[in-house]
Amino acid sequence: MSRSRLLPLTGIAAALAAWQIAIMLRPSLIPGPIAVARGIGELAVRGLLVKYVVASLFRVTWGYLAALVIAIPLGLLLGMGRIGEMAANPILQILRPISPLAWIPIAILWFGVGDVSAIFLIFLAALLPMTVATMNAVHNIDPVHLAAARNFGIPLRARMRDVLIPAILPQLIVAMRIALGVAWLVVVAAEMIAVNSGLGFLIVDARNAGNRYDLVVAGMVLIGLVGIVLDLLMRRLERLDSVRWGYASE
Amino acid sequence: MKVQFSDVSMRFGAMEVLQHITLGAEEGEFLCIVGPSGCGKSTLLNIAGGFLAPGSGSVTIDGEPVTAPDRRRIFVFQERGVFPWLTVEGNIGFGLFDMDEAGREARVAQYIDLVGLKGFEKSYPRELSGGMKQRVEVARALAVNPDVLFLDEPFGALDSITRLQMRSELLRIWRAERKTVLFVTHDIEESVQLADRVVVMSARPGRIRRVVDIDIPHPRDLSSRRYIELRDLIFGEIGLAHQV
């Protein structure tokens, strides 16, 4: 096996071993890896594993897509016109440090307890970073490319399609990857309050219904695993031929 | 005159960049503009390209005042002007949005051939050397059949061997296509190798010190007496002794 595969596996094995040793020394700490694996097995048998993962992914998908649909055109608009950016930037900067979780009461006020509130929180979490990243990406376009596009006199629509969008795409994909990570963080938190399915719900529910800490940790492990899969999928986009130029390590 | 600068002056804030530039380039002429760094030669070219408005004076092409960039006259930047997200084909066909598919393909193939990039049609710029990227940019400019080319130190980022090759390529293409060329460089040798006339500019604020006719037929012998004479004349004009 190659080094690049062996080393990560060694790291995981070492972490599992440390975990096992720790709970042998202090059994009350948290459930051990074997108990957690059994917990995941139990969830799978009861049909909850797939159901909860799908429920969480469903919320992320809609919240995240809605954010992209609004943030990218908005960011383009703000990035192209100095005036729009100057007007919008302060409010974006003020909203940015407010955790999406601070919106929970307002989300419940507007949308009640349920899916829509959770989706709204995810939408908010992805919206601001995507808008700001799109705006910055437009600012970072090499002026030479814009000058060339002007020189050839190509019409506005073609200029969008052939210059503006491809020029920002590498940065946009990185921002989309980061925003998806944030969305995944937030869905779990949102599900702890507002809904009755999903991995966040699993964690709270397992504790409330009989202190099943093996299932709590099982939920955490699943969140991590799904998160890494999402990230790997997004990373594949960075290997598209038309965006590879934008990453320095090439 | 194809391109005519009439008493063009330019300042950026308090800094005077160009002073009273009057200069004409004839149809089909290869004109080099040389001068020390910061003498305003790039600014002059940008004004002719329509990217900058002159502070005073005017530029006309075919008698029409230049007010904006136009696809009949294309600006060639250093090789970073190619679009890194498009293939060689995509770059060269970039300006041909108004042609139908078949015409476009034929035109792209013609210019890929002209600049010697056959076999690299599907390559991306990151897979090409600096010289090849520069060829793509020249081909992209020529493909729209402009009547004037503005080149702003196009070979400045290339190594010296590639630079020499690119110069003879450019001359070959210029002979084939007969465009009016305005070529800015700080390389005196380069100007004497390429130009019909060399415009020598002073340090900032840029003025025209002298216009030198290069009366050596192509292909030019770089060790001929006339070549060395003209080269040294320009060196002297810029105030450089040709010694290291």
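Residues numbered from 1 in each chain as written. Chains lettered and ligands numbered in written order. Predicted model: local features only at pLDDT ≥ 70, side-chain atom pairs only at ≥ 80, totals over all residues.

(A) Spotlight on the overall build of chain A. The helix and strand tally for chain A stands at ten helices and zero strands. Reading chain A from its N end, one meets helices and strands in the order α-α-α-α-α-α-α-α-α-α. The principal-axis extents of the C-alpha atoms in chain A amount to approximately 70 × 55 × 30 Å. Partitioning the contacts of chain A with sequence separation of at least 6, the portion at a separation of at least 24 is 72%. (Helix = DSSP H or I, 4+ residues; strand = E, 2+ residues; numbered from the N terminus. Contact = placed C-beta atoms within 7 Å.)

(B) Structural detail: the overall build of chain B. Within chain B, the regular secondary structure consists of seven helices and ten strands. Its C-alpha atoms give chain B a radius of gyration of 18 Å, near enough to 18 Å, the size a compact globule of 244 residues would have. Summarising its shape, the C-alpha atoms of chain B cover approximately 50 × 40 × 30 Å along the three principal directions. Considering chain B as a whole, with its 244 residues, one finds that 44% of them fall into the buried category. (Rg over C-alpha atoms; globule rule 2.2 N^0.38 Å. Buried ≥ 20, exposed ≤ 12 C-beta atoms within 10 Å, placed from the backbone.)

(C) Representation of the sheet that holds strand S5 (residues 64-65) of chain B within the structure. Residues and elements named next belong to chain B. Overall, antiparallel pairing links the four strands, which are arranged S2-S1-S4-S5 in an open sheet. In this open sheet, the two strands that pair with only one neighbour each are strand S2 (15-25) and S5. In this sheet, strand S4 (residues 56-61) lies alongside strand S1 (residues 3-12) in antiparallel orientation, the contact comprising five bridges. Residue pairing in the sheet places Gln-4 in a bridge with Thr-60 of S4. (Pairing = 2+ DSSP bridges.)

(D) Inspection of the packing of helix H5 (residues 104-111) of chain A against helix H6 (residues 115-139) of chain A at higher detail. All names here are of chain A. For the pair H5 and H6, interaxial distance at closest approach is 9 Å and the crossing angle is 135°. Considering the angle they form, H5 stands oblique to H6. In this structure, the crossing between H5 and H6 has a hand that is right-handed. Counted together, Ile-104, Ala-107, Ile-108 and Phe-111 of H5 and Val-116, Ser-117, Phe-120 and Leu-121 of H6 form the full contact between these two elements. Its residues assigned to classes, the contact of H5 with H6 shows seven nonpolar, one polar and no charged. (Axes fitted to C-alpha atoms, helices over the stretch in contact; angles between N-to-C directions. Parallel < 35°, antiparallel > 145°, perpendicular 65-115°, else oblique. Left-handed = near helix turned anticlockwise from the far one by under 90°. Nonpolar A, V, L, I, M, F, W, Y, C, P; charged D, E, K, R; others polar.)

(E) Highlighting the domain arrangement of chain B. All names here are of chain B. As assigned here, chain B comprises domain 1 (3-72 + 147-238) and domain 2 (82-145). Opposite the eleven residues of domain 1 that make contact, domain 2 presents nine residues. Per-element accounting of the side of domain 1 that touches domain 2 gives the leading share, five residues, to helix H5 (residues 160-177). Residues of the side of domain 1 that touches domain 2, tallied by class, amount to seven nonpolar, two polar and two charged. (Domains from an automatic or database assignment.)

(F) Structural context of helix H7 (residues 143-151) of chain A. All names here are of chain A. Every buried residue of H7 is listed here: His-145, Ala-148, Ala-149 and Asn-151. Across the axial projection of H7, the buried residues extend over an arc of 160°, all falling on one side. Looking one or two residues past H7, Gly-153 carries a phi angle of roughly 60°, positive in sign. (Arc of directions from axis to C-beta.)

(G) The environment of A:Leu180, seen in detail. All names here are of chain A. Mapped onto the secondary structure, Leu-180 falls in helix H8 (residues 156-194). Overall, Leu-180 belongs to the buried group, with 23 C-beta atoms counted inside 10 Å. Spatially, the C-alpha atoms of Leu-180 and Met-130 are 9.9 Å apart, while their sequence positions differ by 50 residues. Apart from the residues within four sequence positions on either side, Leu-180 is in contact with Tyr-64, Leu-230 and Met-234.

(H) Spatial organisation of the nonpolar core. In terms of nonpolar packing, the biggest core is built from 134 residues, with A:Ile122, A:Ala183 and B:Leu182 touching the most fellow members. Both of domain 1 (3-72 + 147-238) and domain 2 (82-145) of chain B provide at least three residues apiece to this core. Excluding its chain neighbours within four sequence positions, the residues that come into contact with B:Leu182 are B:Val3, B:Ala25, B:Leu31, B:Ile33, B:Leu45, B:Ala48, B:Val148 and B:Phe150. (Core = buried A, V, L, I, M, F, W, Y, C linked by C-beta atoms within 7 Å.)

(I) Up close: the sheet that holds strand S10 (residues 208-213) of chain B. Residues and elements named next belong to chain B. Within the open sheet, the six strands sit side by side as S6-S7-S8-S3-S9-S10. Their pairing is mixed. Bordering the open sheet on either side are strand S6 (73-76) and S10, each of which pairs with just one other strand. Ignoring which end each strand starts from, the neighbouring axes of this sheet average 15° apart.

(J) Structural view of the pairing of strand S7 (residues 148-152) of chain B. Residues and elements named next belong to chain B. The buried fraction of S7 amounts to five of the five residues, a majority that puts the element mostly inside the structure. Residue alternation in S7 divides its side chains into two sets, Val-148, Phe-150 and Asp-152 and Leu-149 and Leu-151, and both sets are buried. Bridge count for S6 against S7 is four bridges, and the pairing is parallel. When the sheet's bridge partners are listed, Phe-75 is paired in S7 with Phe-150. Strand direction decides the pairing type here: S7 and strand S8 (residues 180-185), joined by five bridges, are parallel. Counted as the bridge partner of Val-148 is Thr-180 from S8. Chirality of the crossover, the property in question, places the unit of S7, H5 and S8 among those that are right-handed. (Right-handed = clockwise from strand over helix to strand, strands pointing away.)

(K) Here's a closer look at the packing of helix H3 (residues 48-80) of chain A against helix H4 (residues 82-95) of chain A. Residue and element names in this part refer to chain A. Two numbers describe how H3 lies on H4: the axes approach to 5 Å, and their chain directions differ by 115°. Contacts from Leu-77, Leu-78 and Gly-79 of H3 reach H4 at Gly-84, Glu-85 and Ala-88. By residue class, the composition of the contact of H3 with H4 is three nonpolar, two polar and one charged.

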